[in-house]
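# Summary of structural features
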Amino acid sequence: MLKDHDRRMFALSDDNALMKQIIVTHAPDGREVDVEPILQIIGDVFHRATPSLDGVLNGTLEHVDTEDKTVPALDFDDILEALAYLIYKISCELSCKCSGGGDAHATTMALLNTLTSFSWDSKVVLTLAAFAVNYGEFWLVGQLCTGTRNPLAKSVAFLKQLPNIVEYSSSLKAQFEALNKLIKAIMDVATCIVEFTELPSQYISDETPAVKAVTSHLPAATYWTIRSVVACSTQIASLIGLRLENSTALTTVAWELSSLAHKVTNIHEHLKSQIAFCYQHIEEKTRHLEYFHTLVRLFETLHLDNFKILRALLHPKEELVIGSSKKKVNIEVLKRKHVLLLISDLDIPHDEITILGHLYQQDPMRKTEQTQYEVVWLPVVDRLSPHADQEKVKIKFQELLSMMQWYSVIDPWTIEPAVIKYIKEVWRFNKKSILVSLDPQGRLASSNALHMMWIWGTLAIPFSIEKEETLWKSEFWGLPLLIDGIDTTVIDSMREGNIVCLYGGEDIEWIRKFTTSAKNVAKAANITLDLLYVGKSNAKERVQKANSIISSEQLSHFWADLTYIWFFWTRLESMLHSKMMSGKTVENDPIVEEVITMLSFDGSEKGWAVVSGGPPDHEEIIARGSGEIALKTIEDFGNWKDDVVNIGFVPAFKEHLRKLHTPQHCKRLILPGIPGEIPERIVCAECHRPMEKYFMYRCYTD
């Protein structure tokens, strides 16, 4: 019978201390037990053994089910052979510890410790199997001893004083009802736990909210299921040698069994509701998988136009919205046009939107028949993220949308999960924005044309590999490639025969020394020198501070709009990405060498300088050097000023840089903006030896 101590423990079911005790007993070793067939037999034992109330009242103990059902011939002899001793051990433990009406909590914890190496579902089913052995034996003797059908059973029943159950069957009605109800609740919970563990993992992950809810509830569900088995065992043991000297005690027992049944039933309802959500998720996942395969087939099929593919990718109602104007249009407006899908999360840098908006708005080619193209924004929102609050997402989406002039889906939540899966798995989107190019027939021209867009703008349409190779053939290293599309005044200055010097870094003392010395040299050499500060990547606050000092002290020109600086460095990273994707290296491509040198300048803490220009009818020569060497060269102007007269300023500057350069150097190349795989081998642009690769984690404070 349940004692006062048991009732106190029952009241503390949600106590954290109790949960900690349960968790401590759980140390699974990875062994797997096929519990479902065992649970089927347990159910069959309970179904056949549990007497009907009419049978009890009539004094027959006969089960109403007379149909000759046989236990399914399940091939699990090996399973039971391995577990037989454990089940026997638990059944003995139940019989012994429950016979004297001991501490139910202590007995439950002892059983959990015995089953420490097993999973939660195995703990429940093995305990139930042990109880089913005891319960089945009890009622088997009880049923067979009725009348004179089985003298052996009658003798055993006599020794156990089972005839008293028939004699006092009316008084035991409430107790039997409560016992049967609790056993049914236990079986319901056990079935739910086993059902949960067998959910198909390919369709549902541990991070699914419903799965997390069930998983967090499993320890408590297991405890109270085993605790209920202990209570049932105690009541069965109490029927042996029963005397009805205390009818109040029987009433109390029935009430406590009913209370346990109520608790276990509540546990079952909670598990059942969460598992229903799991099945709903699996059903959706299955539908999404079918949608995903439909997308795969669509992209493998030739089409007359792009409409089918766009309809599958975009809003199911075939509607879009035009950026800041919020005007709704049908996706028919995209039919038979080049479509650029801008795919990003809601943390897309504002600089990207600004530059893309500039290219989109100012591009005269966008409306020509041969190169008609449109941009469509597909914002990707992680539905499982704990931060994916719909209202916050909506506000952030509208804020970004107001900055755009192109098309967008109406709502991020309307994008099919299968589309997001396709974007991530096939087009390899992973946080950093990509620009997917589709031709007028819906064929994939490029799974990420963003680097081409940054380098050449829409001159790269249709953004195919062939077009990229053609454009590179007409390029050579120089300021026009470095500055193209950013600042036309620099190119205009070069065309006028002026010398242009781009410099960067964040060391303000070096900036002061270099710009002052450079101006003095320009005056002495009788040249027009345009100094332009291009800052440093990923350092907006520090660059803004440097800009303020450069402006107040009138040290040089600078880009007040920091978006220009972002674009300058992003284009360099894009050039490196483009070249590397086509297999180019320092050893076989001079542009790669120069781009890597520029990026290594940016990775250093010091300044750097690039100088170009001269007579417009001469071939462009470009000279570059790290901060210390560039400053030393400028300060040593007296040593090479005669060369300026003979070969020109830039060639003379370049030659003196070469003389000052020593083999002892340290280059650091940081590649934060290159999407895709980081190359295993990069050769130093200075000494042409392989560079060592390290991983660096840096706080983004700007």
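Residues numbered from 1 in each chain as written. Predicted model: local features only at pLDDT ≥ 70, side-chain atom pairs only at ≥ 80, totals over all residues. Heavy atoms only, no water.

Looking at an unreviewed UniProt entry, the protein carries the name Protein SIEVE ELEMENT OCCLUSION B-like, with the source organism given as Carya illinoinensis.

## Observations regarding the pattern of salt bridges
Throughout the structure, instances matching the rule amount to 25 salt bridges. For Glu-655, the salt bridge is made with Arg-658, and the minimal N-O distance between the two is 2.4 Å. Taken together, the positions of Glu-655 and Arg-658, both in helix H27 (residues 649–660) and three residues apart, correspond to about one turn of that helix. Given a relative accessible area of 53%, Arg-658 falls into the exposed group. (Salt bridge = Lys/Arg side-chain N within 4 Å of Asp/Glu carboxyl O. Helix = DSSP H or I, 4+ residues; strand = E, 2+ residues; numbered from the N terminus. Buried < 20%, exposed > 50% of the residue type's maximum accessible area, 1.4 Å probe, protein only.)

## Here we look at unusual backbone geometry
Along the chain, Ile-461 connects to Pro-462 via a cis peptide bond; the corresponding omega equals 10 degrees. Checked against the element boundaries, Pro-462 lands in the loop between helix H17 (450–456) and helix H18 (465–473). If you check the backbone angles, Lys-326 has positive phi at about 65 degrees while not being a glycine. Its place among the elements puts Lys-326 in the loop between strand S1 (319–322) and strand S2 (327–330). With a relative accessible area of 38%, Lys-326 lands in the partly exposed category. The phi dihedral of Phe-463 is positive, around 65 degrees, even though this residue is not glycine. Among the structural elements, Phe-463 can be located in the loop between H17 and H18.

## Digging into the packing of aromatic side chains
The relative placement of two aromatic rings is captured by the distance of their centres and the angle of their planes. A full pass over the atoms with the stated rule returns 28 aromatic pairs. Ring geometry for Tyr-503 against Trp-510: centres 6.4 Å apart, planes inclined by 50 degrees, an arrangement best described as tilted. Look at Tyr-503 and you get buried, because its relative accessible area is 0%. Each member of the aromatic cluster is reached from another via a ring pair, and the members are Trp-559, Tyr-564, Phe-568, Trp-569, Phe-601 and Trp-608. When the ring centre of Phe-118 is taken as origin, the NZ or CZ atom of Arg-31, which lies over that ring, is 4.5 Å away. Seen from the ring of Trp-472, Lys-579 lies directly overhead, with NZ or CZ sitting 4.1 Å from the centre. (Phe/Tyr/Trp six-rings, centres within 6.5 Å; stacked < 30°, edge-to-face > 60°. Lys NZ or Arg CZ within 6 Å of the ring centre and 35° of its normal.)

## Topic: the environment of Arg-31
Note on placement: Arg-31 falls in the loop between helix H2 (16–24) and helix H3 (35–49). For Arg-31, a relative accessible area of 42% translates into the label partly exposed. Excluding anything up to four places from it in sequence, Arg-31 contacts Ser-117 and Phe-118. In terms of polar contacts, Arg-31 uses its side chain to reach the side chain of Asp-29, at 2.7 Å. (Contact = heavy atoms within 4.5 Å. Polar contact = N/O pair within 3.5 Å; in protein donor to acceptor, adjacent residues only side chain to side chain.)

## Concerning the sheet that holds strand S7 (residues 444–446)
In sheet architecture, strand pairing relies on hydrogen bonds along the backbone and comes in two forms, parallel and antiparallel. Strand order in the open sheet made by the seven strands is S2-S1-S5-S4-S3-S6-S7, with mixed pairing throughout. Every interior strand has two partners, whereas the edge strands, S2 and S7, have only one. When strand S6 (residues 434–438) meets S7, the two strands line up antiparallel, connected through two bridges. Paired with Ser-437 across the two strands is Ser-446, which belongs to S7. (Pairing = 2+ DSSP bridges.)

## A look at the sheet that holds strand S12 (residues 622–626)
Spatially, five strands are ordered S10-S9-S8-S11-S12 in an open sheet, and the strand pairing comes out mixed. Strands with a single pairing partner mark the edges of an open sheet, and in this sheet they are strand S10 (557–558) and S12. Summarising the sheet, strand S9 (residues 529–533) and S10 pair through two bridges and their orientation is parallel. Bridge pairing links Tyr-533 to Phe-558 in S10. Across the sheet, helix H21 (residues 508–525) is in contact with strand S8 (499–504), S9 and strand S11 (608–613); its angle to S9 comes to roughly 165 degrees. Strands S8, S11 and S12 of the sheet are contacted by H27, whose axis makes an angle of about 35 degrees with S12. (Axes fitted to C-alpha atoms, helices over the stretch in contact; angles between N-to-C directions.)

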